[in-house]
Amino acid sequence: MGALSIRDNDTQEIMHNPVGPWIEANSLYIQQSGMQRRLNEDLAQELVIFDVGLGAAANALAALHCARANPKRRNLRLVSFERNLELLQFALDNASHFQHFTGFENAVRSILVTGRWVEPGITWELRHGNFTDLIVAEPTAAHIVFYDPYSFKMNREMWLPEVFREVHKKCAPDGILLTYSRATPIRVGLFMAGFFVGTGVATGAKDETTQASVRYQDLVSPLGQAWLGKWRRSRSPSAPGAREEDFPATKEFILNHSQFK
């Protein structure tokens, strides 16, 4: 029996296909980020997670389940960004089909009604609107970023280097970003935004995903000379939205990046 997923009728994109939302949320975002370990470090400081693309809340609920399973942990602040809450309402209305909603139905209702939910040691907040505007004004700094908006094909503005640059500004010194995309232009955009970039875990039909970090030492598998060779041969060697005349500067930047020295 296959995993249950949700298709968005407006974009025709299927969430977390083919492995299902719960498996992908835990492998790509929770386990890969080392969230459980980080919850048990630096107990005096709250752990802040940006959940970019709340959608049906699989990633957010995975984080909440992880936190509840660690009672002697630092406080968690989960900040979810979403501009369209219809998918979340649909998932809540059909929560009986999604086992991970169990125990958090009231939390999701509170997010939909008030934009906030709190229990001892956990604060979940909603930023409702366009992420490109909200991230500029965001008052908190993230230790972990779940970057899970619709694909570049359907949501181009979310993958531009200037948006990644704003995310980088809002990351803590040990901040990391995780995303399902492995596209060369996306990785170039992350480099241009100030991140170090590496390969992430496989998920579903993807043999790898992407990690990005503020500090090089926080990458598990940094991109190296093999990727640089692939980038040289790529038909799309520039970041999304770049003009053709910008490529010489991009080429110089990538070839002289400290990650490849």
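Since we're looking at a predicted model, the values are computed, not measured.

This paragraph deals with the side chain of Arg127. Within the element layout of this structure, Arg127 appears in strand β4 (residues 122-128). With relative accessibility at 18%, the residue Arg127 sits in the buried group. At a separation of 3.1 Å, a polar atom in the side chain of Arg127 contacts the side chain of Glu125. Beyond its immediate stretch of four places on either side in the chain, Arg127 contacts Val79, Ser80, Phe81, Glu82, Leu134, Glu138 and Pro139.

As a general point, the strands of a sheet are linked pairwise by backbone hydrogen bonds and lie either parallel or antiparallel. What the 8 strands build is an open sheet, ordered β3-β4-β2-β1-β5-β6-β8-β7; its pairing is mixed. Across the chains shown, the open sheet's two edge strands, defined by having one partner strand only, are β3 (116-119) and β7 (196-200). Each strand of the sheet is rotated relative to its neighbour by a mean of 15°, with strand direction disregarded. Relative to β4, β3 runs antiparallel, the two being bridged by 4 bridges. Its bridge partner being in β4, Glu119 is matched across the sheet by Ile122. Where helix α5 (residues 105-114) meets the sheet, its contacts fall on β3 and β4, and the angle it forms with β3 comes to roughly 140°.

Attention shifts here to the nonpolar core. Counting 75 residues, the largest nonpolar core has Met35, Trp124 and Tyr147 as its most contacted members. The greatest single-element share of this core, amounting to 8 residues, is contributed by helix α3 (residues 58-68).

Those residues of helix α9 (residues 225-233) that sit buried are Trp227, Leu228, Gly229 and Trp231. Against α8 (184-193) and α10 (247-255) lie the buried residues of α9.

Now for the packing of helix α1 (residues 21-33) against α3. Look at α1 against α3: their axes get within 9 Å of each other, and the N-to-C directions meet at 65°. Classified by the angle their axes make, α1 and α3 are roughly perpendicular. Note on packing geometry: the crossing formed by α1 with α3 is right-handed. In contact with Pro21, Trp22, Ala25, Asn26, Tyr29 and Ile30 of α1, α3 contributes Ala58, Asn59, Leu61, Ala62, Ala63, His65 and Cys66. Class assignment of the residues belonging to the contact of α1 with α3 gives a composition of 10 nonpolar, 3 polar and no charged.

The rules behind each value
- Residues numbered from 1 in each chain as written.
- Predicted model: local features only at pLDDT ≥ 70, side-chain atom pairs only at ≥ 80, totals over all residues.
- Heavy atoms only, no water.
- Helix = DSSP H or I, 4+ residues; strand = E, 2+ residues; numbered from the N terminus.
- Buried < 20%, exposed > 50% of the residue type's maximum accessible area, 1.4 Å probe, protein only.
- Polar contact = N/O pair within 3.5 Å; in protein donor to acceptor, adjacent residues only side chain to side chain.
- Contact = heavy atoms within 4.5 Å.
- Pairing = 2+ DSSP bridges.
- Axes fitted to C-alpha atoms, helices over the stretch in contact; angles between N-to-C directions.
- Core = buried A, V, L, I, M, F, W, Y, C linked by side-chain atoms within 4.5 Å.
- Parallel < 35°, antiparallel > 145°, perpendicular 65-115°, else oblique.
- Left-handed = near helix turned anticlockwise from the far one by under 90°.
- Nonpolar A, V, L, I, M, F, W, Y, C, P; charged D, E, K, R; others polar.

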